Amino acid sequence: MSPELSIDALLTTTRTVRKRLDFERLVERAVLEECLEIALQAPNGSNHQQWRWVVIDDRERIENAAEIYRSAMDQYVEDIAAGREQYLRGGSRSEQIGESVEYLKLNMHRVPVLLVPVQEDRFDVHRKGAAGTYHQASQWGSILPAVWNFMLALRSRGLGSAWTTIHLLREREMAELLGIPYERHVQAGLFPIAYTMGSEFRRAARRPVDEVISYNQW
Ligand SMILES: Cc1cc2nc3c(=O)[nH]c(=O)nc-3n(C[C@H](O)[C@H](O)[C@H](O)COP(=O)(O)O)c2cc1C
């Protein structure tokens, strides 16, 4: 267990953990279920709760899922290097794959548990304009708050995770591996889960509030 953290400390030090995941220590299903019970208190559209949480704790299945993650990351790096720009966000022209990202890629198969949050209702890419924005915002807004709650609950119990989405480049392969009905269900990411080595985590460097806030107009 982590030493007691204040709420603000929990909110400001729940980091993406890659290099400090303890691959040797078993993660009990009971602790995962406790965290999920907390997570499910998150808001979601009309309280429909169209979510499913696929926990992978079978070694062989973890290895297969990690392989999908690895190959998706390799594809991403290759595409970026080749100037195929379809993934670049926010006008950025290059994406640095840091050392810890590489570390997680190479070690994903060693984690005790992987989690794939799944939302029913695959986003319809043909819905454009306001209807498309409404649908997407409602869909992601109905699962991602719960995912973040889950990560906070993990941290308060001495565990950690890393938010990852890169495997979604191969979402269909993951769906086939796990038996998720791909046509109707969309995956929100892949979350390695482990106890952390040590529980001291720092605040992150972020743009200051006065740079990003505005009142009453853009
Ligand atoms: C939507 C989203 C997708 C991400 N995808 C990946 C990923 O595929 N692989 C990875 O190693 N980290 C991924 N990250 C982790 C980010 O790199 C990380 O959150 C960011 O560098 C800030 O670090 P912090 O979470 O410790 O504050 C993702 C994070 C978010 C929120």
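Everything that follows concerns the structure shown earlier in this document.
A short tour of the structure in this document, coming up. One numbering rule holds for all chains: residues counted from 1, following each sequence as written. A pLDDT threshold of at least 70 governs which residues receive local features in this predicted model, and a stricter bar of 80 or more applies before side-chain atom pairs are shown or counted, although totals over entire chains, interfaces and linings include all residues. As a convention, hydrogens and water are excluded, and side-chain values are obtained from all of the structure's heavy atoms.

1. Structural notes on the nonpolar core
And then number 1: Definition used in this section: a nonpolar core is a set of buried Ala, Val, Leu, Ile, Met, Phe, Trp, Tyr and Cys residues joined via side-chain atoms within 4.5 Å. Burial classes: relative accessible area under 20% of the type maximum marks a residue as buried, over 50% as exposed, and values in between as partly exposed (1.4 Å probe, protein chains only). Judged by nonpolar contacts, the single largest core of 28 residues is most densely connected at Leu-21, Ile-56, Tyr-69, Met-108, Leu-114, Val-116 and Leu-190.
And then number 2: Considering each element in turn, this core owes the most residues, eight residues, to helix H3 (residues 59-81). Secondary structure elements follow DSSP: runs of H or I no shorter than four residues count as helices, runs of E no shorter than two count as strands, and numbering proceeds from the N terminus.

2. Concerning the side chain of Ser-142
And then number 1: With respect to the helices and strands, Ser-142 occurs in the loop between helix H5 (129-141) and helix H6 (144-155).
And then number 2: In this analysis, two residues are considered to be in contact whenever any of their non-hydrogen atoms come within 4.5 Å of each other. Among all residues touching Ser-142, those that are not within four sequence positions of it are Asn-44, Gly-45, Trp-51 and Gln-119.

3. Digging into the site of the ligand
And then number 1: All residues adjacent to the ligand are Arg-15, Thr-16, Arg-18, Tyr-69, Val-101, Trp-163, Thr-164, Thr-165, Ile-166, Ala-204 and Arg-206.
And then number 2: Think of a polar contact as two N or O atoms within 3.5 Å of one another; within protein, one of them needs to be a possible hydrogen donor and the other a possible acceptor, and neighboring residues in sequence only count if both atoms come from side chains. For the ligand, an oxygen atom lies 2.8 Å from a polar atom in the side chain of Arg-18.
And then number 3: One of the side-chain nitrogen or oxygen atoms of Arg-206 is found 2.8 Å away from an oxygen atom of the ligand.
And then number 4: Here, Shrake-Rupley sampling with a 1.4 Å probe gives the accessible areas, and only protein chains in the shown set may cover a residue. Isolated, the ligand exposes 620 Å² of accessible area, and the fraction of that covered by the protein chains is 62%.
And then number 5: Along the lines of polarity and charge, the residues of the shell around the ligand split into five nonpolar, three polar and three charged. Proximity is defined per residue: any heavy atom of the residue falling within 4 Å of a molecule or strand makes that residue near it. Side-chain classes follow a simple rule in which Ala, Val, Leu, Ile, Met, Phe, Trp, Tyr, Cys and Pro form the nonpolar group, Asp, Glu, Lys and Arg form the charged group, and the remainder, Gly included, forms the polar group.

4. Focus on the environment of Leu-21
And then number 1: Checked against the element boundaries, Leu-21 lands in the loop between helix H1 (7-13) and helix H2 (29-39).
And then number 2: Residue classification places Leu-21 among the buried residues on the basis of a relative accessible area of 1%.
And then number 3: Between the alpha carbons of Leu-21 and Thr-196 there is a distance of 4.8 Å; along the sequence they are 175 residues apart.
And then number 4: The residues contacting Leu-21, other than those within four sequence positions of it, are Leu-104, Val-111, Gly-160, Ser-161, Pro-192, Ala-194, Tyr-195 and Met-197.

5. Quick notes on the packing of aromatic side chains
And then number 1: Ring geometry is summarised as follows: Phe, Tyr and Trp rings, the Trp one being its six-membered ring, pair when their centres sit within 6.5 Å, and such pairs are stacked at plane angles under 30 degrees, edge-to-face over 60 and tilted between the two. Under the counting rule described, the total for this entry stands at three aromatic pairs.
And then number 2: Residues Trp-163 and Phe-191 carry aromatic rings whose centres are separated by 5.1 Å and whose planes lie at 70° to one another, so their mutual orientation is edge-to-face. Highlighted residues: Trp-163 in the loop between strand E3 (159-161) and helix H7 (171-178) and Phe-191 in strand E5 (residues 191-195), separated in sequence by 28 residues.
And then number 3: Owing to a relative accessible area of 30%, Trp-163 belongs among the partly exposed residues under this scheme.
And then number 4: Over the ring of Phe-201 we find Arg-20, and its NZ or CZ is 4.0 Å from the ring centre. When the NZ atom of lysine or the CZ atom of arginine is within 6 Å of a ring's centre and also within 35 degrees of its normal, the charge is said to sit over that ring.

6. Brief notes about the pairing of E5
And then number 1: For E5, the tally of buried residues reaches five of five residues, placing the bulk of the element in the interior.
And then number 2: For two strands to be treated as a pair, DSSP must find at least two bridges joining them. Where strand E2 (residues 113-120) and E5 come together, three bridges link them in antiparallel fashion. If you follow Leu-115 over to E5, its bridge partner there is Phe-191.

7. Looking at a nonpolar patch on the surface
And then number 1: A grouping of Val-209, Val-212, Ile-213 and Tyr-215 is seen on the molecular surface, where their side chains present a nonpolar patch of about 440 Å² in accessible area.
And then number 2: By the element assignment, Ile-213 lies in the segment after helix H8 (209-212).
And then number 3: By relative accessible area, which is 39% here, Ile-213 ends up partly exposed. Any residue with relative accessible area above 30% and no salt bridge may belong to a patch, with like charges joined within 9 Å and the nonpolar Val, Leu, Ile, Met, Phe, Trp and Tyr side chains within 5 Å. For this document, the term salt bridge refers to a Lys or Arg side-chain nitrogen within 4 Å of an Asp or Glu carboxyl oxygen.

8. Digging into the side chain of Lys-105
And then number 1: With respect to the helices and strands, Lys-105 occurs in helix H4 (residues 99-107).
And then number 2: Within polar-contact distance, the side chain of Lys-105 engages the side chain of Asp-74 at 2.8 Å.
And then number 3: Apart from residues lying up to four places away in sequence, Lys-105 is in contact with Tyr-69, Arg-70, Met-73 and Asp-74.

9. Some thoughts on the pattern of salt bridges
And then number 1: In the structure shown here, the tally under the stated rule is 12 salt bridges.
And then number 2: Among the salt bridges present, the one from Asp-57 reaches Arg-29, with a minimum N-O distance of 2.7 Å. Of this pair, Asp-57 sits in the loop between strand E1 (51-56) and H3 while Arg-29 sits in helix H2; the two residues are 28 residues apart in sequence, bridging distant segments of the chain.
And then number 3: Under the relative-accessibility criterion, Asp-57 is labelled partly exposed at 29%.
And then number 4: A residue is classified by how much of its surface remains accessible, and Arg-29, at 53% relative accessible area, is exposed.
And then number 5: A salt bridge links Lys-105 to Asp-74; the nearest nitrogen and oxygen atoms lie 2.8 Å apart. Of this pair, Lys-105 sits in helix H4 while Asp-74 sits in helix H3; the two residues are 31 residues apart in sequence, bridging distant segments of the chain.
And then number 6: Of the residues examined, Lys-105 reaches a relative accessible area of 8% and is grouped as buried.
And then number 7: Looking at Asp-74, the relative accessible area reads 34%, which means it is partly exposed.
And then number 8: Among the charged side chains, a network of salt bridges with common partners joins Asp-74, Glu-102 and Lys-105.

Such coordinate-based values are descriptive only and should not be taken to indicate function.
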